[in-house]
Amino acid sequence: QSVRIEYNAALEGVESAENNLQLIKEGITKKAGEISNTLIRSTIQGMILDVPVEVGTSVIQTNTFNEGTTIASIADMGEMIFEGKIDETEVGKIREGMNLELTVGAIENEKFIANLEYISPKGVEESGTVQFEIKAQVSLKENVFIRAGYSATADIVLDKRDSVMVIP
């Protein structure tokens, strides 16, 4: 009787392996008889930036042992973050809440204001100097579309004086 149980278990193992192979190749199994579809919904509304998988690619859901497969990158294009780096000699002069003036390389003659929200507490050495990561929330303009990934330069005004006497 143990031989019969082992034989049945072996048959079930072979059948399971055949079903998995057929599912990977064709998207259907012998028993299901129809294409296997899973409805996937985004947790946010936004614009699709990238779809790194192709039709027929096997995907895995996220769990405690696996990151899962990224099937799309989505962003809310109404909220943009400037990410940059600042040298260790300058990081002591800035603080959260300061305004930055951004110049986007791909958009000429436009300046954008951003509010500094984050300064990394730890620097990273790059090319012989220590750089600190900064992040700032960008105030967008209605008539200008900024794409994700544009390069930009930030100017930070450290001190300003108005209505002062000048000598020509």
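Residues numbered from 1 in each chain as written. Predicted model: local features only at pLDDT ≥ 70, side-chain atom pairs only at ≥ 80, totals over all residues. Heavy atoms only, no water.

## Here's the deal with the overall build of the protein chain
Put simply, the test is: Helix and strand assignments follow DSSP, with helices taken as H or I runs no shorter than four residues and strands as E runs no shorter than two, numbered in order from the N terminus. Classification of residues uses two cut-offs on accessible area relative to the type maximum, computed with a 1.4 Å probe and protein chains only: under 20% is buried, over 50% is exposed, and between them is partly exposed. The contact criterion used throughout is that any non-hydrogen atoms of two residues lie within 4.5 Å. Residue exposure ignores everything except the shown protein chains as possible cover, and the areas themselves are Shrake-Rupley values with a 1.4 Å probe.
For the protein chain, the count of helices and strands is 2 helices and 8 strands. Taken from N to C terminus, the helices and strands of the protein chain fall in the order α-β-β-β-α-β-β-β-β-β. Within the protein chain, the fraction of its 168 residues that count as buried is 18%. Long-range pairs, those at least 24 residues apart, make up 57% of the contacts in the protein chain between residues at least 6 apart in sequence. As displayed, the protein chain offers around 13600 Å² of accessible surface, 51% of which is attributable to carbon and sulfur atoms.

## Re the side chain of Gln131
Note that Gln131 resides in strand β7 (residues 129-139). Excluding residues that lie within four positions of it along the chain, Gln131 makes contacts with Lys85, Ile86, Asp87, Gly123, Val124 and Glu126.

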